[in-house]
Amino acid sequence: MITVASGTDYEARPQWADPTAGQARAVQPGQLDTAHGVILYLEDITVSFDGFKALNNLSLNIDVGELRCIIGPNGAGKTTMMDVITGKTRPDSGKAFFGQTLDLTRLKEPEIAHAGIGRKFQKPTVFENHTVFENLELAMKTDKRVFKSLFFKLDSEAHGRIEAVMKQIRLDAHANRLAGLLSHGQKQWLEIGMLLMQEPKLLLLDEPVAGMTDDETMRTAELFLSLAGQHSLVVVEHDMAFVEKLGGKVTVLHEGSVLAEGDLATVQADPRVIEVYLGR
Amino acid sequence: MRTSYTERTARLLGPKGWTALGVFLAIMLIAMPVLHLMVPPGSPLHVSNYAITLMGKILCYALVAVAMDLIWGYAGILSLGHGLFFALGGYAFGMYLMRQIGLDGNYHSPLPDFMVFLDWKTLPWYWQGTDHFIWAAILTIAVPTVIAFIFGFFAFQSRIKGVYFSIITQALTYAAMLLFFRNETGFGGNNGFTDFKRILGYSVTAPETRVVLLGLTALALAGTLVLGRWLVTSRFGRVLAATRDAESRVMFIGYNPLWYKLFIWTLSAALCGVAGALYVPQVGIINPSEMSPASSIEIAIWVAVGGRGTLIGAVIGAVAVSLAKSWFTVSFPQYWLFFLGFLFILVTLFLPEGLVGLYHKLRGNKVDASEPAFTPDPETVSPAAAKASVAPSPRHLTGESA
């Protein structure tokens, strides 16, 4: 099942401050093709661990520029789904495509990252011995092969981009602070900032507001809303207030497949969803 | 600590460091030859043959220690098999030295003595060309490089890490030692190579040759320190440290850690090969005991004692432990290994950052507090950015948007 484009034309959008786009493309053999308006197709994905089906014929499509929330009880397969998309786990069967042409089940993790999928983990993982600035600099979209890294020089354009992202994630005052010394919420933001530095087309965010204060949560929602449109976002979250604030379509996962899909009010009224959340 | 990773690594060889490096080279390249060759042996200023050789030997160890620090300190990969690469470099160059003996061996044969003893009539194929200095010099670097590359490729490809990697490297060097112990392998069995006579036609034992070898070793060490500093302060070095701290994150932001690890691992092995080649003519012997597990562990201890991830710490550790060893093995030969083990435990428990860490602690970490804010590239930083990075803005704390 292929959803029709929602009107956003990603490729035509001017890419802000992207000096390395052409260069990085040359490295990537397959090009991202979103002509049909869909950026991610998952079709009949099944993953089992020792007989336990973590994902069971999961099918899901994400449109270009969409902000999609994924909810579901523990063990519903949310993290496994992200593992499949980022190449960490290979599905037993099914198809996973990024755009029309990039087969995610064949690409390696760094290749998938280069193709334009950025992932934020449940537990914030930043480079604790590096400063905020250095964390962002390492994440920056550029040629990441060994010899390029040896002779890399930071130009003023790249410097400007790092500054811009630091403002966006409200860490501009902490540029020289070691990431290990940031608060939990700040580490979450830094990690999101690192994703933005890679200029991903699709952002996967696993419980991005876990451990944040209410105030931080709301500001994160604002940040995500400002990113939607430019990027496609898939957010896995338990915090319903946060999901509500994001608006957009919600997908409910249960036992490795899609149980319901629609806006939050609709899925919350769905009797099957109520049973899954309350019935056990 | 608010200084950046790069800033902290760059400090290792700041203006003071460069001065120290210059002084070191002046001593090794000018003062030592003068004191050894021109000052008469009776004078208290005369540097003896023994001292020159000892210094040369220790500088070779220091070079190995720096190579070890590059992978252990900066990439977090503990190799317990670095003695292998050192020994391979030594053997490769030792082949040349054996060929240089010519007809002056005990059996006056063109073949090395041990081959005559084994009743071999011709040189094995892998000894071909070793009478050429250039070929031996190439082998010195190529053999450790190729072996490290192949081994590293499969180990890192299979994502073997931590203690498992250490154990495998230990097994590798042990297996190589057993291989080299065999007479049939063609490297002199348990006696290895010794009784060298000449290098490039000059007598190995001549004072002038010793002084030149010492100078070359000092240059190699200085060059390695400069190269190491350049590597760890580059973006490459930052990626390496990031891989050490959070490898999966590194992969998800698009780096392939395999090539980063493999590069530094192979380079480290090549540097060990160079150290081995410089070591053999100065010490006059190479045998399989250099590949023993204990020798490789000792390399790790040098780095741990000096302080990991500091480069200069590796030099300090290698010099301090080796000097202690020269004294200990003369005064209390049977207790050296106990002392070494004890030292390792002490350092691990009380000095996790080694002697360099102790030095910083004694100076009260004043360096960190007074350090100016890090600016990655002074020419390109706008004044606003520099200002913003001085202190956390109170605006941020009150939750107002920037």
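No experiment lies behind these values; they were computed from the predicted model shown.

Participant: Lay out the sheet that holds strand S9 (residues 249–254) of chain A with the relevant residues and their values.
Facilitator: Residue and element names in this part refer to chain A. The strand order across the open sheet built from 6 strands is S6-S7-S8-S3-S9-S10, with neighbouring strands paired in mixed fashion. Two strands bound the open sheet, and with one partner strand each, they are strand S6 (117–120) and strand S10 (257–263). Ignoring which end each strand starts from, the neighbouring axes of this sheet average 20° apart. Relative to strand S8 (residues 232–236), strand S3 (residues 67–71) is paired through 4 bridges, and the arrangement is parallel. Across the sheet, residue Cys69 finds its bridge partner in S8, namely Val235. Its contacts with the sheet place helix H2 (residues 78–85) against S3, S6, strand S7 (202–206), S8 and S9, and it is angled at close to 150° to S7.

Participant: Quick one: what's the story with helix H11 (residues 257–283) of chain B, residue by residue and with numbers?
Facilitator: End to end, H11 of chain B covers 38 Å across 27 residues, agreeing with the expected 39 Å (1.5 Å per residue, within 8%). Summarising burial for H11 of chain B: 23 of the 27 residues are buried, a large majority.

Participant: Please provide a residue-by-residue account of the pairing of S3 of chain A, values included.
Facilitator: All names here are of chain A. Burial runs high along S3: 5 of the 5 residues are buried. Residues of S3 alternate between two faces, with Leu67, Cys69 and Ile71 on one and Arg68 and Ile70 on the opposite face, all of them buried. Relative to S9, S3 is paired through 3 bridges, and the arrangement is parallel. Residue pairing for S9: Cys69 is matched across the bridge by Val250.

Participant: Provide a residue-level description of the packing of helix H8 (residues 207–233) of chain B against H11 of chain B, including the pertinent values.
Facilitator: Residues and elements named next belong to chain B. Where H8 contacts H11, the two axes come as close as 10 Å, and the packing angle between them is 165°. The orientation of H8 with respect to H11, classified from their angle, is roughly antiparallel. Of the two elements, H8 crosses H11, and the hand of that crossing is left-handed. Residues Arg210, Leu213, Leu216, Thr217, Ala220 and Thr224 of H8 touch H11, and the partners they reach there are Leu271, Val274, Leu278, Pro281 and Gln282. Its residues placed into classes, the contact of H8 with H11 shows 7 nonpolar, 3 polar and 1 charged.

Participant: How would you sum up helix H14 (residues 336–350) of chain B? Please name residues and give values.
Facilitator: With 15 residues, H14 of chain B extends 21 Å from end C-alpha to end C-alpha; this agrees with the ideal 21 Å at 1.5 Å per step. Counting buried positions over the 15 residues of H14 of chain B gives 1, only a small fraction of the element.

Participant: Give me the sheet that holds strand S5 (residues 102–103) of chain A: which residues, what numbers.
Facilitator: All names here are of chain A. The strand order S2-S1-S4-S5 describes an open sheet built from 4 strands, whose pairing is antiparallel. Either end of the sheet is taken by a strand with one partner, and the two such strands are strand S2 (52–63) and S5. Note that strand S1 (residues 38–49) and strand S4 (residues 93–98) share 5 bridges and pair antiparallel. Residue Leu42 lies in a different strand from S4, and its bridge partner there is Ala96. Each of S1, S2 and S4 touches H2; the most contacted strand, S2, lies at about 65° to it.

Parameters at a glance
Residues numbered from 1 in each chain as written. Chains lettered and ligands numbered in written order. Predicted model: local features only at pLDDT ≥ 70, side-chain atom pairs only at ≥ 80, totals over all residues. Pairing = 2+ DSSP bridges. Helix = DSSP H or I, 4+ residues; strand = E, 2+ residues; numbered from the N terminus. Axes fitted to C-alpha atoms, helices over the stretch in contact; angles between N-to-C directions. Contact = placed C-beta atoms within 7 Å. Expected span 1.5 Å × (residues − 1). Buried ≥ 20, exposed ≤ 12 C-beta atoms within 10 Å, placed from the backbone. Parallel < 35°, antiparallel > 145°, perpendicular 65-115°, else oblique. Left-handed = near helix turned anticlockwise from the far one by under 90°. Nonpolar A, V, L, I, M, F, W, Y, C, P; charged D, E, K, R; others polar.

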